[in-house]
Structure formats: C-alpha cells, structure tokens
Amino acid sequence: MATPRIAVVNDDTAFLNLMHELLTDEGYETIIWAESERAYDMIRRVKPDLVILDIRMGHPEAGWTILDLVRLDPTTAHIPVIVSSADSRLLREKAELLREKGCEILEKPFNLDDLVTKVDEAVGPPPFRRLEGQ
C-alpha cells in the first residue's frame, strides 16, 4: 500500500513547517509549497492524493484561482481538497460554494486531531502511523 502524498499550499512558512512535521510524523508523505503563482503547476506535476489549501494567500483571490484551476483540469479534478483559512467569516459565507466544489473546510486555528481525521477521511490512514511517544 502506497503512502498517501499530501500537498500543503500556504504562504506562511511557519505554518508549512508545522504541517510538514505533523503530517510526516503521522506517516504521510508531505510536500509543502509557499508560492501561490506556481502552486497549480506543482499540483498538476506531482498529482498528490490530497491538497490542503489556504484560500487566502498573497492576494485575496490566489487560493480561489488555484482551486478553480485544480477543479477545471481533468487530470487534477478528482484530487480531494481541504480548504483552510483563519477568515472564519469568509469560510461561512463560501461554505456552500466550497461544498459544491467538493472541498472540506478546516478553520484556523484547528485542533490537530480534527486535521488528522479530515486527512484520514480524504485519503485513508497511512500504511504506517507513528504511535504516541515514538
């Protein structure tokens, strides 16, 4: 069984490093990406099993553009996306649209167990999950 590959797209490098450490410790292969301008190209090239996308990167429409490109491309349209943002009002206002696009929503700050649950639901558990205390 292959290890699920997760791409995390966010312009906050501290957040990216935290996500890389957390998801790698959980047993997932993790790719982090901070540049919104080339994020879609990376997703198209790498074809991750899941994308965790900050919907508010750089300029307000950057995340939306990435999401639209992923959903419009037949080679990436099937990839599950978890949209994450600290802008809770925006997530509430756009919840229906995000569901129509097949996205899960994860509001920042989030509980790490909630993140792992959403990831597991999207791609299944990794073949090897690190146990507490290891």
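Residues numbered from 1 in each chain as written. Predicted model: local features only at pLDDT ≥ 70, side-chain atom pairs only at ≥ 80, totals over all residues. Heavy atoms only, no water.

A. Here's a closer look at the overall build of the chain. Along its length, the chain carries six helices and five strands. Secondary structure of the chain in N-to-C order comes out as β-α-β-α-β-α-β-α-α-β-α. A compact globule built from 134 residues should have a C-alpha radius of gyration of about 14 Å, and the chain, at 14 Å, falls within 12% of that. When its C-alpha atoms are laid out on the principal axes, the chain stretches across 40 × 30 × 25 Å. For the chain, buried positions account for 44% of its 134 residues. Long-range pairs, those at least 24 residues apart, make up 65% of the contacts in the chain with a sequence separation of at least 6. Total accessible area computed for the chain in this model is approximately 7,300 Å², and 51% of it derives from carbon and sulfur atoms. (Helix = DSSP H or I, 4+ residues; strand = E, 2+ residues; numbered from the N terminus. Rg over C-alpha atoms; globule rule 2.2 N^0.38 Å. Buried < 20%, exposed > 50% of the residue type's maximum accessible area, 1.4 Å probe, protein only. Contact = heavy atoms within 4.5 Å. Areas by Shrake-Rupley, 256 points an atom, 1.4 Å probe, with all protein chains shown as cover.)

B. Examining the nonpolar core more closely. In terms of nonpolar packing, the biggest core is built from 24 residues, with Val9, Ile43, Val51, Leu53, Ile66, Leu67 and Val83 touching the most fellow members. Residue assignment for this core shows that the elements contributing at least two residues are strand E1 (5-9), helix H2 (39-46), strand E3 (50-54), helix H3 (62-72), strand E4 (81-85) and helix H4 (88-93). Excluding its chain neighbours within four sequence positions, the residues that come into contact with Val9 are Trp33, Ala39, Met42, Ile43, Val51, Ile52, Leu53, Asp54, Met57 and Ile66. In terms of nonpolar packing, the next biggest core, distinct from the first, is built from 15 residues, Ile6, Phe15, Ile52 and Phe110 among them. (Core = buried A, V, L, I, M, F, W, Y, C linked by side-chain atoms within 4.5 Å.)

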